[in-house]
Amino acid sequence: MKEFDLLVVGGGVNGCGIARDAAKRGLKVMLVEKGDISAGTTWGSSGMIHGGVRYLFSDVGVTKLSCIDSGYIQKIAPHMIFRIPFIFVLPNDNNWVFRFIIYEGASAVFETYDNFAKFKGGKPACRLTPAEVKKLEPLIRDDIHGGITMDEWGIDCPRLCLANAKDAEVNGAEVRTHTRLTGFIKDGNRIIGAELQDEVTGEVEKVKARITFNATGPWVPGMAAMAGCEVKLRPAKGVHLVLDRRLTDYGVLCTAVDGRQMFVMPHENVSYIGTTDDDYYGDPGDIPVLEDEIAYLLQAAESYIPDVSKARVIKVLRAVRPTLFETGKYEDDLTREHQIFDHEERDGIAGFLTMGGGKLASYRVMSEEAVDLVMLKLGKVNPCRSHLDPLPGGDVTPSAEDVAAQFGIDPYAASRVIYRHGSWAAKVLESIKTIPGDAYMVDRYEPTLAAEIRYCVRNEWVKRPSDLTRRCRVGEGADQGMASIQQATQIFAEENKLGPRETIEAADHFLQAKWYERHEALSGEGVAQEELSRMINLGCWRTAQRSHIERRLP
Amino acid sequence: MKADVVIIGGGLSGVVAALAAHEKGAKVKLVRKAYGRTALGNGTMSFAAQENDGQKNTLKSRMAIAAKNELLPYSVIKDPLKSMKQAYKQLAGHLSGGFEREIDDDTPVMLCLSEGGALLRSDMAVPQIKSGDLARYVGDGVKIAVIGFAELPFFRPKLLKEQWLMDIKEAGIEKAEIRVFSLPMLDDGKLPFFRMYSEAARVIDAMDALGPLAERIRDEIKGYKADLLLLPPMMGLARRDAVRDISELIGLPCAEVAGGHQAVAGLRLQQLLDEALQTAGVEIINGEAVGFEIKDGRITKLAVKSGGEKADIEAAAYVLAAGRFIGGGLREARGISEPLFGLPVMYAEKNIAGLPAIKLVERDYAAKHVIFSCGIDVNERMQPLDEKREVKAANLYACGDIIGGYDLVLDGCAEGVALASAYIAGANAAGGDK
């Protein structure tokens, strides 16, 4: 039986962050994730390491912590960060007194927020006249009172998780994806290990760990129950609509029909409309999206940017926030604070810790706090360096022109590889030198080159081809993988020497995983797109149609 | 503008209806806003259920499987096989060379290897694919040489080989052998990768002669006694005879594998259909039908927007062959509709018009989804029915994908329905009201 100091359960941003920090402090670490790295709540996040202006008055601590940590993340992973300036737009609805109060109020909020901007390298808020707003974003509706800017940062969250997991591995950790923790090994009231099962091969493995850390986000209560203790959350469902194109250069803050703050923002090569916040007690791994939720988000977005109705909703991001338990509050007012539960003190179960709550932007500092406690429990001392040392690829950011010239590829494609892999870009593209066909663009919407897919399959725990959607955005573009799913699966099959049946099954799984994300979003021109996609993926490739393949939901 | 018959839609069913009306002596105009599903397709046609019935897989036996599904339009069409046969015969007569095929009760299914690693079952295909039909080897053996070109990194026959063999053996060709060969398509080695098959097809079009390419292929496969040589799905678009010419130059039967994404075979089929219309003297109006007038239960005018201008066409009869969502015959705009005539959109005898797509899909990708099986209802004369299940207009007919009840892919009968319904609709439109 393998022995570890720390078994981290959960491959989201917290689990990966904890695994990295602990491994860097010299602990022997194993990270297990039942699905893919970042496939849960992290995958459904807005992809922002924002300072949390929303929490300025409810949780000023969260705001400050987020801003400071945002600054650190920019330093350790500069390649995967992008600036998103936001414009708060005030429409000319209601009377002038109301408008005056709202505008001045918002101004005051953003100016207060500026006090924290120095921590995260943000630019100060700026008041804009209606003409200035229209000049910056011509698609914004006419008849507005004015705007105020606010500076935030976006990030490729799956890559952030991956970089953390990779760094953990570089520092000696073992990472197991698609591996479910099926039970704990106990010695009296102490958890001393766990039983793991590989979800792809079905293999079972037992490991010993001095401490097991439950960082499973919305799955925290279930995991805690398995260990014999109770952790309560107030899980909240958050939904984002993904549009097929970048509609704006700025994020646009809007007010929804019920007065909630929402946004339309560019993200990678698509746009996000988000987000909802509703109590949710269903399965966090299978979250239905309702017609109302889609209508609610579209209504708000369209009332600020009428052209939203001309774009196509290509998928719906859905996730459950593992917010801490509180009663009597609206979902929006729930704290984004995090809490670490020491079950030895709390429930008399030793060797088991849990993290609840929190938000993406402060994952690093929360991980630091978690590992501090783990170190204390293990009686070890070693300072945290996770805010000082760059993540893999974060040391220097190469120039896209140089990389493009070196490998004879399109500079834009090169810039996307650099965005995801930083200084490791040349390593990622290396296969082009031996396999010239790897310079081919598999997904033209990203674009993603065959070389990057091959690299990810070889080095980044791609156990199912659908994992590639988080590694290098295969199938994330306007066609949702119509043309790239089969191609990417072929590279996956080639690398893993899959037989014909396994290859078909892998492609089938990928198609189903993508369909799960978009089937509720199907509308308008998207239906024609889907009809075409079915002709190709079911008609010609005819994978899912073959009767001998047992179909499974993801 | 005046005509005897106006066809709305220029895909397979629109063209078949136009030709059927034309042969009855009608003056036909065809309104088309863009290429649709036919041009985007892979150049194969399916007439009946494509399941392997474990028997001989004849058209008749597969039509019997289709007949068990009461939702299929075959339950409305009187003797669908007969209409299909007549329609095909007529169509093949209009298409230039290579489409000859006896469509009859005991016609076996066509078995063609696809670019996606499958053995596609269909009933007809463009000549370049048709010549690769493996049905004649059932119960026997076959040796296939497959050529991959270095400039086409996305065509990976080496990887597909095992998948193909698995399907071929399952189809009853026990002694099958596939050998894959790779060579550069162009000998200067300077060309970058093609991004899609149509780019490569244009290079074939631009070649002075195919001799050098054929010679290199022959050198490459020298020593392998193949029964069939398969090429990537890119052997020319304007150049129609590239596959045949290479076959003659090498001295081996040659074919393309059936292409999937952005294949050129669908475009070729569409081009041939367009030529058939031109030869027959059917006028094509590039425009969109946007409105109509109805008087005493008859359509009197069709409003067409073409190049920014609006014009009315008056005709004795109208045929709606606008397809489903790709063609624009159906539309989803937070509710599903048939946008031109406002016909009810039906599935299993229920009017689902007005329902949004989210209510019409299943969670399983490969399932039959209502939204991909719905369409309008017609009577046996191919006249669309309204909410009261009465004829919408005495001189309005419909054919092709817009008729609901079947999944375009999973039920494997889309082109069969298109042919049979279009033939009846076209003939009835030209024959006057009854």
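Look above for the structure.
Residues numbered from 1 in each chain as written. Chains lettered and ligands numbered in written order. Predicted model: local features only at pLDDT ≥ 70, side-chain atom pairs only at ≥ 80, totals over all residues. Heavy atoms only, no water.

(A) Quick peek at the packing of helix H1 (residues 13-24) of chain A against helix H5 (residues 157-170) of chain A. Residue and element names in this part refer to chain A. Packing of H1 against H5 brings their axes to within 8 Å, and their N-to-C directions diverge by 25°. Judged on the interaxial angle alone, H5 and H1 are roughly parallel. Every pair of crossing elements has a handedness; the one defined by H1 and H5 is left-handed. Packed against H1, whose contacting residues are Val13, Cys16, Gly17, Ala19, Arg20, Ala23 and Lys24, the element H5 presents Leu160, Cys161, Asn164, Ala165, Asp167 and Ala168 at the interface. Of the residues assigned to the contact of H1 with H5, the class counts are eight nonpolar, two polar and three charged. (Axes fitted to C-alpha atoms, helices over the stretch in contact; angles between N-to-C directions. Helix = DSSP H or I, 4+ residues; strand = E, 2+ residues; numbered from the N terminus. Parallel < 35°, antiparallel > 145°, perpendicular 65-115°, else oblique. Left-handed = near helix turned anticlockwise from the far one by under 90°. Contact = heavy atoms within 4.5 Å. Nonpolar A, V, L, I, M, F, W, Y, C, P; charged D, E, K, R; others polar.)

(B) Inspection of unusual backbone geometry at higher detail. All names here are of chain A. Note that the residue after Gly274, namely Thr275, is joined by a cis bond; omega there is -5°. Mapped onto the elements, Thr275 comes out in the loop between strand E13 (270-274) and strand E14 (278-279). Residue Glu446 is joined to Pro447 through a cis peptide bond whose omega torsion reads 0°. Inspection of the secondary structure puts Pro447 in the loop between strand E18 (441-443) and strand E19 (448-449).

(C) Region of interest: the interface of chain A and chain B. Counting from both sides, the interface comprises 54 residues of chain A and, opposite them, 54 residues of chain B. Regarding the contact of chain A and chain B, the summed buried area is about 4900 Å², with carbon and sulfur atoms giving 61% of it. Interface area lost by chain A to chain B is led by Glu531, Arg534 and Cys540 of chain A, which between them contribute 15%. The closest approach of N and O atoms between Glu291 of chain A and Lys359 of chain B, which form a salt bridge, is 2.7 Å. Linking chain A with chain B are 16 residue pairs in polar contact (both at pLDDT 80 or more). If you list the elements that add at least two residues to the side of chain A that touches chain B, you get helix H7 (291-304), helix H16 (485-496), helix H17 (500-518) and helix H18 (525-540) of chain A. (Buried area = accessible area lost by both parts, 1.4 Å probe. Salt bridge = Lys/Arg side-chain N within 4 Å of Asp/Glu carboxyl O. Polar contact = N/O pair within 3.5 Å; in protein donor to acceptor, adjacent residues only side chain to side chain.)

(D) Main features of the environment of Lys388 of chain B. Residues and elements named next belong to chain B. Following the sequence through the fold, Lys388 ends up in the loop between strand E18 (350-351) and strand E19 (396-398). A residue is classified by how much of its surface remains accessible, and Lys388, at 65% relative accessible area, is exposed. In this structure the C-alpha to C-alpha distance between Lys388 and Gly41, which are 347 residues apart in sequence, comes to 35 Å. (Buried < 20%, exposed > 50% of the residue type's maximum accessible area, 1.4 Å probe, protein only.)

(E) The pairing of strand E17 (residues 352-357) of chain A, seen in detail. Residue and element names in this part refer to chain A. The buried fraction of E17 amounts to six of the six residues, a majority that puts the element mostly inside the structure. Inspection of the sheet shows strand E9 (residues 204-214) paired to E17 by three bridges, in the parallel sense. If you follow Thr212 over to E17, its bridge partner there is Phe352. As paired elements, strand E16 (residues 338-342) and E17 share five bridges and run antiparallel to each other. Pairing of Asp342 across the sheet is with Leu353, part of E17. (Pairing = 2+ DSSP bridges.)

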